[in-house]
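# A look at the structure
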Amino acid sequence: MVEWTAAERRHVEAVWSKIDIDVCGPLALQRCLIVYPWTQRYFGSFGDLSTDAAIVGNPKVAAHGVVALTGLRTALDHMDEIKSTYAALSVLHSEKLHVDPDNFRLLCECLTIVVAGKMGKKLSPEMQAAWQKYLCAVVSALGRQYH
Amino acid sequence: MNDDCNDGDDDADDDDDDDDDDDDDNCSLEGNYLNVNMSLSSKQKATVKDFFSKMSTRSDDIGAEALSRLVAVYPQTKSYFSHWKDASPGSAPVRKHGITIMGGVYDAVGKIDDLKGGLLSLSELHAFMLRVDPVNFKLLAHCMLVCMSMIFPEEFTPQVHVAVDKFLAQLALALAEKYR
C-alpha cells in the first residue's frame, strides 16, 4: 500500500481543489495527442485529429478528457486502497481497450504541465512531489492487471 | 534507477502490500523513447529559438526552480550532490547550479543545428567525470517543462511544448554521446 504523510494528503487535496476538471481534462488530453502524436492511435473513432486545430476543436476529445480526468480524481477518495480501486479499470484498459500502459504516464505528464500552467508558483516543489507520487500510484494501479 | 511505474513485474501476492508499492513512490519518466532519434523540423527549431528568447529574462529563475523541483520530486537525484552542505529544494547551491545548467541549455540552443558536435566537450565531462546516469536528463527536462509552463502559461502552448520537449531529448542524447 502506498504510504501518505498528512502533508502529502493535504498537498494532493490542495492541487485537486485548483483543478476544474471540465477545463483541465480536455486541455491535458489535447496536449497529449499533440505532443505525443502516437497516442492518437486509440482514438480512431473520434473523427478529425489531423491537425492541432482539429484536435483542440474536437468535441469527442474534450469529452474524453473529462472522463479521463474524472477517473484520475477517483483515487483522491480512496488514497489508502488505490490498487483495488482501479482494478476493474485496469482490466478494461488492458483487455478491452488494449492501451499500452506507457500512455498513462504520458497523459499524466501533460496533465502536470497543464496544472502547472494554471497554478503557477502556487504549485510548490513539495506539492509537485506529492502530486507526482499520487499520479504514479494511479498509473501503477492502472497497469497492474495487464498480463 | 528503473522505478518505472508501469513495470507490472510485481507478481507478488496482493496480500503482501508492504514491499509491492515501494516503486510507486517515485515514477521514472525516461520512457522508452530516450534512445529514439526524433529530429527537429526547421519550424520546430525556430519555435525553440523563439520561445527561449522570450524566456531569457526569467531563465535564471526557471533554471533554479527546475533543479529545486528535480531534487524535491525525485529525491534520488540528490545522490549527485552529496558534496554540498545543503541539497534541498530552494537552497543556494541548488539554485546556483540550476542557473549554471540553464546556461548550458541556452548555449545548446545556439548549437541547435549540430548538437552532437557542439556539445562534444560537455558530453565528455558528463561521461568521464560527472557520470550522471542519462535517465536523469529526462527527469530534469520534465521539471524544466513544468517550470516553463508555470512561468509562461500563455506562451507554453502544445506546439511550443512538443518542440522544446524534442529539443531537450536531443540535448540529452548529445550529452550521453560519449558515455560508451
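Per an unreviewed UniProt entry, chain B is named Hemoglobin alpha chain, and its organism is Gadus morhua. A UniProt comment under Function (unreviewed entry) is attached to chain B, and it reads "Involved in oxygen transport from gills to the various peripheral tissues."

As annotated in an unreviewed UniProt entry, chain A carries the name Hemoglobin beta 1 and comes from Gadus morhua. One UniProt comment on chain A, placed under Sequence similarities (unreviewed entry), says "Belongs to the globin family." Within the UniProt record for chain A, the comment given under Function (unreviewed entry) is "Involved in oxygen transport from gills to the various peripheral tissues."

### Some words on the overall build of chain B
Within chain B, the secondary structure is distributed over eight helices and zero strands. When the helices and strands of chain B are listed from N to C terminus, the series reads α-α-α-α-α-α-α-α. Counting all 180 residues of chain B, 48% fall into the buried class. Counting contacts in chain B only where the partners sit at least 6 residues apart, residues at least 24 apart contribute 79% of the total. Per element, the accessible surface of chain B, about 8,700 Å² overall, is 48% carbon and sulfur.

### What about the overall build of chain A?
Helices and strands together make up the secondary structure of chain A, namely eight helices and zero strands. Start at the N end of chain A and walk to the C end: the helices and strands fall as α-α-α-α-α-α-α-α. For 147 residues, the compact-globule estimate of 2.2 N^0.38 gives 15 Å, and chain A sits close to it at 15 Å. Across its three principal directions, the C-alpha atoms of chain A cover 45 × 40 × 20 Å.

### Comments concerning the pattern of salt bridges
One side chain can pair with another of opposite charge once the charged atoms of both are near each other. A complete count under the given rule lists 15 salt bridges over all chains for this structure. The salt bridge involving aspartate 80 of chain A is made with arginine 9 of chain A; its shortest N-O contact spans 2.9 Å. In this pair, aspartate 80 of chain A sits in the loop between α4 (59–73) and α5 (82–85) while arginine 9 of chain A sits in helix α1 (residues 6–17), placing the two residues 71 residues apart along the sequence. A salt bridge links aspartate 61 of chain B to arginine 58 of chain B; the nearest nitrogen and oxygen atoms lie 2.8 Å apart. Since its relative accessible area comes to 34%, arginine 58 of chain B is described here as partly exposed. One connected set of salt bridges, linked through shared partners, spans Lys121 of chain A together with Arg58, Asp61, Glu65, Arg69 and Arg95 of chain B.

### A closer look at the UniProt feature "domain: Globin" (unreviewed entry) in chain A
UniProt tags residues 3–147 of chain A as "domain: Globin" (unreviewed entry). Along residues 3–147 of chain A one finds 68% helix and 0% strand; the C-alpha atoms at either end are 26 Å apart.

### Details of the nonpolar core
Formed by 99 residues in total, the largest nonpolar core has its most connected members in Trp16 and Tyr134 of chain A together with Phe52, Met148 and Phe167 of chain B. Sorting elements by how many residues they give to this core places helix α7 (residues 135–151) of chain B first, with 12 residues. Leave out the neighbours within four places in its chain, and phenylalanine 167 of chain B touches Leu40, Val48, Phe52, Val105, Ala108, Val109, Ile112 and Leu115 of chain B.

### Some words on the UniProt feature "domain: Globin" (unreviewed entry) in chain B
UniProt records the feature "domain: Globin" (unreviewed entry) for residues 39–180 of chain B in the present numbering. Between the C-alpha atoms that bound residues 39–180 of chain B there is a distance of 22 Å. The span itself is 70% helix and 0% strand.

### Focus on the confidence of the model for chain B
All names here are of chain B. Looking at chain B as a whole, its pLDDT mean stands at 85, while 79% of the residues score no less than 70. Low pLDDT, under 50, characterises residues 1–26; the stretch is placed with 46 contacts to residues that sit more than four places away or in other chains. Note on the complex model: pTM 0.85, ipTM 0.87.

### Section: the packing of aromatic side chains
Overall, the coordinates contain 13 aromatic pairs over all chains when judged by the stated rule. Plain terms: the ring middles of phenylalanine 81 of chain B and tryptophan 84 of chain B are 4.3 Å apart, the flat faces sit at 5 degrees to each other, and that makes the pair stacked. The burial state of phenylalanine 81 of chain B is the same as that of tryptophan 84 of chain B; both residues are buried. We note arginine 41 of chain A situated over the ring of tyrosine 42 of chain A; from NZ or CZ to the ring centre the distance is 5.0 Å.

### A closer look at a nonpolar patch on the surface
Residue and element names in this part refer to chain B. Together, Leu122, Leu125, Met129 and Leu130 line one region of the surface with nonpolar side chains, adding up to about 340 Å² of accessible area. By the secondary structure assignment, methionine 129 is in helix α6 (residues 120–130). With a relative accessible area of 60%, methionine 129 lands in the exposed category.

### Focus: the side chain of aspartate 61 of chain B
Within the secondary structure, aspartate 61 of chain B is located in helix α3 (residues 59–73). The exposure class assigned to aspartate 61 of chain B is buried, which follows from its relative accessible area of 16%. In this view, aspartate 61 of chain B contacts Lys121 of chain A together with Arg95 and Ile151 of chain B; residues no more than four positions away in its chain are not counted.

Cut-off values and rules
- Residues numbered from 1 in each chain as written.
- Chains lettered and ligands numbered in written order.
- Predicted model: local features only at pLDDT ≥ 70, side-chain atom pairs only at ≥ 80, totals over all residues.
- Heavy atoms only, no water.
- UniProt positions renumbered as here; feature names shortened; annotations may be inferred.
- Helix = DSSP H or I, 4+ residues; strand = E, 2+ residues; numbered from the N terminus.
- Buried < 20%, exposed > 50% of the residue type's maximum accessible area, 1.4 Å probe, protein only.
- Contact = heavy atoms within 4.5 Å.
- Areas by Shrake-Rupley, 256 points an atom, 1.4 Å probe, with all protein chains shown as cover.
- Rg over C-alpha atoms; globule rule 2.2 N^0.38 Å.
- Salt bridge = Lys/Arg side-chain N within 4 Å of Asp/Glu carboxyl O.
- Core = buried A, V, L, I, M, F, W, Y, C linked by side-chain atoms within 4.5 Å.
- pLDDT = per-residue confidence, 0-100.
- Phe/Tyr/Trp six-rings, centres within 6.5 Å; stacked < 30°, edge-to-face > 60°.
- Lys NZ or Arg CZ within 6 Å of the ring centre and 35° of its normal.
- Patch = residues over 30% accessible without salt bridge, like charges linked within 9 Å, V, L, I, M, F, W, Y side chains within 5 Å.

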